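Spelled out from the first residue to the last, the chains are:
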Amino acid sequence: MLTAVVTALLSLLLLLGRTAFCQYSSDQCSWKGSGLTHEGHARDVEQVYLRCSQGSLEWLYPTGAIIVNLRPNTASPAAARLSICIKPSRDSSGTNLYLDRTGKLRLLLREQDQAQGKVHCFSIQEGALFIEAVPHTDISRKTTAFQYELVSDRLGADVHSLAAPCTPCTDAEMLLAVCTSDFVARGSIKKVEQEEELSSVTVEISRLYRQKTQVFVSGGVRVRRWTGQVKMPLRCGAKLGDGEFLFTGAVRFGEAWMGCAPRYKDFLRLYRDAQQQGTNPCHVDTD
């Protein structure tokens with residue numbers, strides 16, 4: 001009899017444990033929670049800490065509010081020059097997003113704007129994310145969800161875009177981009193298509209130096225060519241151009257964004273001059 005009671009109690013504890021886990025789960029990079037834990041406490045504000053360079057958040061049935069502290073796990077002074085980019089899910093709803101700096105709120109994203117799935121960036125110095133539930137009679141279909149990434153200030157300078165301002169890179173930036181970019185490739189522009197607020201540039205690659213993820217797809221074992229698409233802000237005025245370029249840039253949320261893209265002959269001249277002076281930051285096989 002006692003054994004049966006103990007077994008029943010253990011089963012109940014396991015069930016409760018599973019329920020609690022379903023309502024809240026977190027690690028250093030991502031967080032998933034439920035507003036049902038706030039039920040009856042609609043004014044509760046929960047603190048969430050995320051310390052990775054990328055991750056996600058999912059808040060089911062939002063009620064009350066949460067403060068999301070996006071802080072890299074580093075004490076380096078360079079961390080202060082980072083920006084944070086978030087990309088809401090297209091079915092994200094139920095909340096408004098604000099930036100909270102020492103108690104002062106600035107609206108970042110309204111509930112109705114989240115479904116556009118656009119990327120929004122802000123400096124890490126602008127504060128934490130304050131996510132406040134919008135009152136609804138039925139919260140059963142409401143979920144706030146987004147991905148986030150930490151980026152350098154050059155890529156995060158524009159609050160509505162992942163791309164840097166449309167200004168030519170300096171010589172030093174070009175040399176450094178070859179060493180630090182997510183992709184580096186030599187090739188030509190084949191097509192430019194205009195989309196909402198951005199241009200999609202189709203490129204053909206003759207020499208692939210590096211790619212963080214599969215941005216450029218091979219044409220086959222016997223064909224030493226790759227093709228891919230790279231995004232740019234529409235205001236940059238991307239257009240077809242003769243000759244070869246050195247494409248560099250970043251991969252954000254699975255999409256390639258153009259960084260420095262000098263003509264290859266100009267880069268080659270710059271790189272060889274830096275080699276002779278011993279100022280090239282890294283080696284590039286230009287043969």
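All values derive from a computational prediction rather than experimental measurement.

1. Brief notes about the state of the cysteines
In this structure the tally under the stated criterion is 4 disulfides. Linked covalently through their sulfurs, Cys-29 and Cys-52 form a disulfide whose S-S length is 2.0 Å. Residues Cys-29 and Cys-52 are joined by a disulfide whose S-S torsion is about -65°; by sign, that bridge is left-handed. Remark: Cys-52 occurs in the loop between β3 (45–50) and β4 (54–60) and Cys-29 occurs in the loop between β1 (24–26) and β2 (31–34); sequence separation between them is 23 residues. On the basis of relative accessible area, Cys-52 is assigned to the buried category, the value being 18%. Cys-169 shares a disulfide with Cys-260; S-S distance 2.0 Å. Between Cys-169 and Cys-260, the disulfide has an S-S torsion of -95° and is therefore left-handed.

2. A look at the confidence of the model for the protein
Confidence in the prediction for the protein averages 81 pLDDT; 79% of positions are at 70 or higher. This model gives residues 155–163 a pLDDT under 50, and the stretch forms 30 contacts once residues within four places in sequence are excluded.

3. Looking at the sheet that holds strand β7 (residues 95–101)
Pairing is mixed in the open sheet, where 5 strands are placed in the order β3-β5-β10-β7-β8. Each edge of the sheet is formed by a strand with only one pairing partner; in this case those strands are β3 and β8 (104–109). Averaged over all adjacent pairs, the angle separating strand axes in this sheet is 30°, with direction ignored. Bridging between β3 and strand β5 (residues 65–70) involves 6 bridges; their strand directions are parallel. Bridge pairing in β5 places Val-45 opposite Ala-65.

Parameters at a glance
Residues numbered from 1 in each chain as written. Predicted model: local features only at pLDDT ≥ 70, side-chain atom pairs only at ≥ 80, totals over all residues. Heavy atoms only, no water. Disulfide = S-S within 2.5 Å. Helix = DSSP H or I, 4+ residues; strand = E, 2+ residues; numbered from the N terminus. Buried < 20%, exposed > 50% of the residue type's maximum accessible area, 1.4 Å probe, protein only. pLDDT = per-residue confidence, 0-100. Contact = heavy atoms within 4.5 Å. Pairing = 2+ DSSP bridges. Axes fitted to C-alpha atoms, helices over the stretch in contact; angles between N-to-C directions.

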